[in-house]
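# Breakdown of the fold
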Amino acid sequence: MIAIIGLGTGGLYAARWISMLNRREKITIIEKRNYETYSPCSIPLVVEGAVSEDDIVHPFPKSKNVKILLGHEAVEIDTEAKIVKAKNLENGEIVDVHYDKLIFAPGAKPWVPPIPGVNKKGVFTVRTVEDAISIKRWAEHSKKALVVGAGAIGVEMAYALRKRGLDVTLVELLEHPFPTAIDKDLAKYVDQKLRDEGINTMYGVKVEEIIGDEKVQGAVISGEKLEVDMVIMSTGVRPSTSLLRDKVEMDERGFILVNEKMQTSNPDIFAVGDCVKTPYGKIQLATTALNQAIVAAINAAGGNATYTKPTGAFVSSFGGYEVASVGERGEIVGRGWSRINPYSEEKIVMKVFVDKDGTIKGAQAVGRGASSRIDIVSALIRKNGKIWDLAFMEKSYCPEVCELYDVIKIAAENAMRKMKLEEYFV
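A quick note: this is a predicted structure, and the numbers were derived from the prediction, not measured.

It is worth spelling out the sheet that holds strand β12 (residues 144–148) at this point. With respect to topology, 5 strands assemble into an open sheet ordered β11-β18-β12-β13-β14, the strand pairing being parallel. Two strands bound the open sheet, and with one partner strand each, they are β11 (123–125) and β14 (200–203). Strand-to-strand, the axes of this sheet are offset by a mean angle of 20°, without reference to chain direction. Across the sheet, helix α4 (residues 152–163) is in contact with β12, β13 (167–172) and β18 (230–233); its angle to β13 comes to roughly 170°. Strands β13 and β14 of the sheet are contacted by helix α5 (residues 184–196), whose axis makes an angle of about 145° with β14.

In structure tokens, the structure reads:
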């Protein structure tokens, strides 16, 4: 018997893989929501109106050996008796879920800084389908919005609200948008694109107060008052790990420490997703949660899988404009830019990071098509690729799609020039 807490990306793919490996294994999934899986990354599209809230909710494939307790919250884990106590949120009844192995995948919850007035009506976080519906409804009667935090969700939400016709201001405590994904020199292109879309941007500023009576009427930003009637808080998340506090090892911020088998300090409990810190660190992405879930599922089902070092490939998109990155910085930087295709004025800008021995360490790119270039670098990093592998890679070409002399080759060749690899340029 395997119990799974949480039916997000981690819980979903853990259950799928366990069922695939052993169709007779009994699985019980505990999920607090009253609906099954959904795509939180699609919430800005719901707010924009590009898709409906129904489009981002997906039913779990039916299986006679998988029991899903929707509308149930895991409230206690007895690690000695191997029982998860799940509370029925409708009638309060407690259900005992027995397990041989437990996969813990509750994800994370939004973190909101302690700003005076942050609990007023019209202040929203972005995490659930209910959030999407509430934001969309409030936006129908609003004119001016403030979005706090210029990471992926913040930027995408700012664009979504602007597409709805609102006057939008995006603020960020650090110096530029996507501060953890790209460097300042690339971020200037992103900022220009945001401004071209009609979004007001402010960096290096702090929201000091949200003002109004019961509902939002404005905000004080680094001493200046701004009139707004709704606020989106996109200020990060914190791991939902209180159920395992004092039961497994955690770091100082509450992330569960797991080994390369996705196993906690309790050998019968595995953990995956936004709530874990692996031997390679913390990466809170759906793609890493998926891979972690597969490893945990194989091992919980009696197999022997190892979670290898992730590249952290990331992309965010607003209006077709992409911001993407992978890996880490190296000692040498190769830069390049080219047009999206020969007939477009749009351009894509890219940086490749390399060590002195030519090993590719990472890359950043902005512009339409950035993610496809980053995915190539991600694959090469996994294979310990060298910069000449990238420079002489054969990439598909068609004038409608891309330039022949693509930005990825330009950036790679510029890195090679910095390495003084004269034999390639004579």
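Next comes the rest of the description.
What follows is about the packing of helix α1 (residues 9–21) against helix α6 (residues 286–300). When two helices pack together, their arrangement is given by the angle between the helix axes and by the axis-to-axis distance. Interhelical geometry of α1 versus α6 gives an angle of 35° and a closest axis separation of 8 Å. For the pair α1 and α6, the sense of crossing is right-handed. Each of Thr9, Gly10, Tyr13, Ala14, Trp17, Ile18 and Leu21 in α1 lies in contact with α6, whose residues at this interface are Ala286, Ala289, Leu290, Ala293, Ile294, Ala297 and Ile298. Taken together, the residues of the contact of α1 with α6 break down into 12 nonpolar, 2 polar and no charged.

With the rule as written, the count across this model stands at 6 aromatic pairs. An angle of 55° between the planes, with centres 6.2 Å apart, marks the rings of Tyr280 and Tyr307 as tilted. Note that Tyr280 is positioned in the loop between β22 (276–277) and α6 and Tyr307 in the loop between α6 and β23 (314–318), a separation of 27 residues in sequence. On the basis of relative accessible area, Tyr307 is assigned to the buried category, the value being 5%. Centroid distance Phe318 to Tyr321: 5.6 Å. Interplanar angle 50°. Geometry classified as tilted.

Another aspect to go through is α1. Spanning 13 residues, α1 covers 18 Å between terminal C-alpha atoms, matching the ideal 18 Å at 1.5 Å per step. All buried positions along α1 are accounted for by Gly10, Gly11, Leu12, Ala14, Ala15, Ile18 and Ser19. The elements touched by buried residues of α1 are β1 (2–5), β2 (27–31), β3 (37–38), β5 (66–70), β9 (101–104) and α6.

Strand order in this open sheet of 5 strands is β5-β2-β1-β9-β21, and the pairing throughout is parallel. A strand with exactly one partner marks an edge of an open sheet, and here the two such strands are β5 and β21 (269–271). When strand polarity is set aside, the average angle formed by the axes of neighbouring strands in this sheet is 15°. Bridge count between β2 and β5: 5 bridges; the pairing is parallel. Bridging across to β5, Glu31 finds its partner in Leu70. On top of the sheet, α1 reaches β1, β2, β5 and β9; it is set at about 160° to β1, its chief contact. Relative to the sheet, α6 contacts β1, β9 and β21, its axis offset from that of β9 by approximately 175°.

Another aspect to go through is helix α3 (residues 129–139). For α3, every residue scored as buried is listed here: Val129, Asp131, Ala132, Ile135, Lys136 and Ala139. Projected onto a plane normal to the axis of α3, the buried residues spread over an arc of 155° and lie on a single side.

Using the criterion set out here, one finds 21 salt bridges in the structure. One salt bridge connects Lys82 with Asp268, and the closest N-O pair in it is separated by 2.9 Å. Placement of the pair is Lys82 in the loop between β6 (72–78) and β7 (83–88) and Asp268 in the loop between β20 (256–257) and β21, with a sequence separation of 186 residues. Across the salt bridge formed by Glu328 and Lys361, the nearest N and O atoms sit 3.5 Å from each other. With Glu328 in the loop between β24 (321–327) and β25 (332–339) and Lys361 in strand β27 (residues 360–366), this residue pair connects regions lying 33 residues apart in the sequence.

About the criteria used
Residues numbered from 1 in each chain as written. Predicted model: local features only at pLDDT ≥ 70, side-chain atom pairs only at ≥ 80, totals over all residues. Heavy atoms only, no water. Pairing = 2+ DSSP bridges. Helix = DSSP H or I, 4+ residues; strand = E, 2+ residues; numbered from the N terminus. Axes fitted to C-alpha atoms, helices over the stretch in contact; angles between N-to-C directions. Contact = heavy atoms within 4.5 Å. Left-handed = near helix turned anticlockwise from the far one by under 90°. Nonpolar A, V, L, I, M, F, W, Y, C, P; charged D, E, K, R; others polar. Phe/Tyr/Trp six-rings, centres within 6.5 Å; stacked < 30°, edge-to-face > 60°. Buried < 20%, exposed > 50% of the residue type's maximum accessible area, 1.4 Å probe, protein only. Expected span 1.5 Å × (residues − 1). Arc of directions from axis to C-beta. Salt bridge = Lys/Arg side-chain N within 4 Å of Asp/Glu carboxyl O.

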